[in-house]
Amino acid sequence: MGHFSFFCSLLIMNSYIYKVRLIFAFIFLFLGVSGKTFENVKVQNGILDLRGGILQDNREIKLNGEWEFYWNKLLFSADFSSINPDSVKYISVPALWSTFKYKGKELPANGAATYRMQVLLDSLPGEMALKMGSVGTAFKLIIDGVEIYKAGNVSLVENEAIPAYNPGVAFFSPKNDTIEVLIHVSNYHYCKAGLWSNVYSLGAAATITQAWNREIQLSLFLIGSIVIFAFYHLGLYILNKNFRYTIYFFLFCINVVVRILVVDEIFLLQVFPNFDWNILVKIEYSTLMVGTMIFCTFIYKFFTEEFPKSILIVILTVNSLLTLFVFSFPPAVFTRYLIVYQLSLLLPSLYLVGVVIKAMKMKRQSALTLLVGFVIFVFTLINDILYANRLIFTMYLTSFGFMAFVFSQAYMLSVRFSSLLTNTEKLAFSLEKTNKNLEQLVDKRTSKIKEQNVLLKNQRNKILSKSKELEEQNDAIKIQRNNLQLKNELALKQKMEITSSIEYASSIQGAVLFSDNDISSLGKEGFVLFKAKDIVSADFYWFKEIKVANKKLKIAAVVDCTGQGVSGALMSIMGALFLDKAVKKLNANNQAANILENISTEIKNFLNKQSKDLFLKDGMDVACAIYDEELQIIQFAGAQCPMFVIRNKNGKYSSKIEEFYGDSISIGGSPITGQNFTNYSVNVHKGDLVYLFTDGYYSQIGGELGDELALSSFKKLLLKYAHLSLSEQKTKLEKSYLEWRKNHNQVDNITIVGFKI
């Protein structure tokens, strides 16, 4: 078994090295195809001139250059009309404002300021976006007088300022060919401040979004690759505790992953947007010292003779004290000593280079391979130190340097495993000779054992003859048991086949009804609360965005079909198909009521083809809304399903609900030839809340007395939660439903769609 394990390990390592080389090539390919930037265009005297068709090539424009700068002032568009142009100061971006001389003196890190620039365009380009990196340490982005993005709370008063990072993309649509960009920045919690990042850029929304997605994908790729390496080495340690250095390499990989999460794009904030800023900075700084301690221990386990233990103890002690200092004081204190932390990392790294060189001279196995990867890692480390001190404006590259080191480590492990395999084969050959000698001894002893076996067989035959009577009785019992078991298996098989068929029908229904539905297409926010009573559902929701006569319309519908279970599910699929067909027939003069009438006609025609006397008993209950974003109008038509609107006035929601109940008839619910539905045209405004729903929620039995929840109680819940975000509303509604239902069974399918204008 030992021989086989080492042989498999070698095969795995050879495949591992090949895959690692492919990953390394992919990284450079990924970096090589990053978004196009227009390096010749810069901000000059507060002006970014993009005229002459610069934006037509989908360029990503860096916002580097000379911005207008107003110290200790948070200005707005109206304030600049009274400012003398000759008194305007200009500051380089990216840069720390503490390096900027204002009235002959360098500015302190603590304070607030306004950055301003204007963008000149040929014409209105449509939706644009501005990519923001981290800012020290709170900012507010204002474009053409409208705040569109922020991080923390910007203030001229220290007690009111809240630090935060929020790298990401802000979207806006220019109203004219001159764009005013204001950035309010304040800092009272960090040793450095200002627009210090080299990633601020401007361009078409699609271009900036694509660039931002590439950065996120690269972070995810690095994290995924390093995590794979980490757990690979953890597995080696679990399989063989003699490979102790692998556990330190695992810990170092995890430390690098943590650092990737808290620098550059700060991917941690994409997952936890409200993560505490102070803890984030502490993690960023502590990874320097923790990584140094783990990595030095890793090298020590490799080259014990070349690396004195006393030096290791000094490195561990110094970095432990620095880590304790970081977690004991606020960022305003410990960030002042960044150079100390960087030296605690750089000096041991340079010493380790010497250790590996010494090991190479001593002809230690794989020292040269380790040296190549480690030198690359140290160079990227030096780059990160210069970048962190804003002496250069590149990017953090330690993650890539670490990947190079990982590859060298992987190759070194494969060499060691190969050596172990060779030694194992030699031992196996020696054991084979020993086994042959043992076989001869075994043959002699086997002959004696055979004689004894003959005696034992005779005794066994006597016992077998006595046991035949018992076996005959057991056979009768087995026959009865087998018959019963066959019946049980048949019943179970039939049940499983029925359940499997229904579950498969559920997956088909989900693919047909819900695969392309996206609530985000309706408005700024939205939610869908959907709870099926059975495996398959008679309820479904439906969203569509279409163009009719060059007008973009967004359509939402909730539908409650006749019956429950499989019959209701079949009806829901038919309803969804007819709904698609009805929407395709819309023209510029059609209304929401036309959709319901077309569906009713299609259902009746379909059923008449099957039998002239066949019609549905109840049909479908539908709420259908068509949202014209340009005119801010919702057309609504309902068949037994209403639409509720809660108005937003000056940021406060109304205490009353505007209710639109539609018509008290179901679609296809009678044998008459045609059905006419009432169309409502509702003016809506930004911030208004719109709800479409079936009756399943408020029909639920529950409470202490087993009563229905009732529509009136549902209205109260909507008004109670109106001030919350849509996602929070969904959570609250679901929680209230479960608290009301208690131990009662669900009585109907539940579908609620809510969105904000």
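Refer to the structure presented above.
If you're wondering where the values come from, they're calculated on a predicted model, not measured in any experiment.

A. Examining the pairing of strand 12 (residues 178-187) more closely. Within strand 12, nine of the 10 residues are buried, leaving the element largely enclosed by the surrounding structure. Pairing geometry for strand 7 (residues 111-120) and strand 12, over 10 bridges, is antiparallel. Its bridge partner lying in strand 12, threonine 114 is registered against histidine 184. The sheet contact formed by strand 9 (residues 138-143) and strand 12 spans six bridges and is antiparallel. If you follow isoleucine 142 over to strand 12, its bridge partner there is leucine 182.

B. Layout of the pattern of salt bridges. For the structure on display, the rule yields 18 salt bridges. Notably, a salt bridge pairs lysine 531 with glutamate 734, separated by 3.4 Å at the nearest N-O pair. Placement of the pair is lysine 531 in strand 14 (residues 525-531) and glutamate 734 in helix 14 (residues 726-741), with a sequence separation of 203 residues. For glutamate 734, a relative accessible area of 26% corresponds to the partly exposed category. Note that glutamate 602 and lysine 585 form a salt bridge whose closest N and O atoms lie 3.0 Å from each other. Residue glutamate 602 is found in helix 12 (residues 592-610), and its partner lysine 585 is found in the loop between helix 11 (565-584) and helix 12; the two are separated by 17 residues along the sequence. Bridged by salt links that share partners, the residues Glu60, Lys131 and Glu215 form one connected network.

C. Examining a negative patch on the surface more closely. A cluster of acidic residues, Glu469, Glu471, Glu472 and Asp475, forms a negative patch at the surface. Relative to the elements of secondary structure, glutamate 471 occurs in helix 10 (residues 398-514). Of the residues examined, glutamate 471 reaches a relative accessible area of 42% and is grouped as partly exposed.

D. Region of interest: unusual backbone geometry. Proline 94 follows valine 93 through a cis peptide bond whose omega is 5 degrees. With respect to the helices and strands, proline 94 occurs in the loop between strand 4 (89-93) and strand 5 (101-102). Residue threonine 137 is bonded to the preceding glycine 136 through a cis peptide linkage, with omega at -10 degrees. The residue threonine 137 is located in the loop between strand 8 (128-132) and strand 9 in this model.

E. Main features of the packing of aromatic side chains. Per the counting criterion, the structure on display carries 33 aromatic pairs. A ring pair is formed by tyrosine 300 and phenylalanine 307, whose centres lie 5.9 Å apart and whose planes are at 75 degrees; its orientation type is edge-to-face. Residue classification places tyrosine 300 among the buried residues on the basis of a relative accessible area of 12%. Measuring from ring centre to ring centre gives 5.9 Å for phenylalanine 660 and tyrosine 680, while their planes differ by 65 degrees; the resulting arrangement is edge-to-face. Highlighted residues: phenylalanine 660 in strand 22 (residues 658-660) and tyrosine 680 in strand 23 (residues 680-683), separated in sequence by 20 residues.

F. Here's a closer look at the sheet that holds strand 2 (residues 61-62). In spatial order, the strands read 2-13-8-11; together these four strands make up an open sheet with antiparallel pairing. Looking along the sheet, the strands with just one partner apiece sit at the ends: strand 2 and strand 11 (168-172). As defined by bridge partners, strand 8 adjoins strand 11 across five bridges and the pair is classed as antiparallel. Considered in strand 11, the bridge of leucine 130 is made with alanine 170.

G. Representation of the side chain of aspartate 621 within the structure. Relative to the helices and strands, aspartate 621 is located in strand 17 (residues 620-628). For aspartate 621, which is buried and forms no salt bridge, the nearest opposite charge comes from lysine 604, at a distance of 12 Å. Separated by 2.6 Å, the side chains of aspartate 621 and serine 666 make a polar contact.

H. Quick peek at the sheet that holds strand 23. The strand order 15-16-17-18-23 describes an open sheet built from five strands, whose pairing is antiparallel. Two strands in the sheet have a free side with no partner beyond their single neighbour: strand 15 (539-548) and strand 23. Each strand axis lies, on average, 20 degrees off the axis of its neighbour in the sheet, ignoring direction. Looking at chain direction, strand 17 and strand 18 (residues 633-639) are connected through six bridges and run antiparallel. If you follow tyrosine 627 over to strand 18, its bridge partner there is isoleucine 634. Each of strand 15, strand 16 (551-561) and strand 17 touches helix 11; the most contacted strand, strand 15, lies at about 10 degrees to it.

Parameters at a glance
Residues numbered from 1 in each chain as written. Predicted model: local features only at pLDDT ≥ 70, side-chain atom pairs only at ≥ 80, totals over all residues. Heavy atoms only, no water. Buried < 20%, exposed > 50% of the residue type's maximum accessible area, 1.4 Å probe, protein only. Helix = DSSP H or I, 4+ residues; strand = E, 2+ residues; numbered from the N terminus. Pairing = 2+ DSSP bridges. Salt bridge = Lys/Arg side-chain N within 4 Å of Asp/Glu carboxyl O. Patch = residues over 30% accessible without salt bridge, like charges linked within 9 Å, V, L, I, M, F, W, Y side chains within 5 Å. Areas by Shrake-Rupley, 256 points an atom, 1.4 Å probe, with all protein chains shown as cover. Lys, Arg positive; Asp, Glu negative; His and termini not counted. Charge placed at Lys NZ, Arg CZ, Asp CG, Glu CD. Phe/Tyr/Trp six-rings, centres within 6.5 Å; stacked < 30°, edge-to-face > 60°. Polar contact = N/O pair within 3.5 Å; in protein donor to acceptor, adjacent residues only side chain to side chain. Axes fitted to C-alpha atoms, helices over the stretch in contact; angles between N-to-C directions. Contact = heavy atoms within 4.5 Å.

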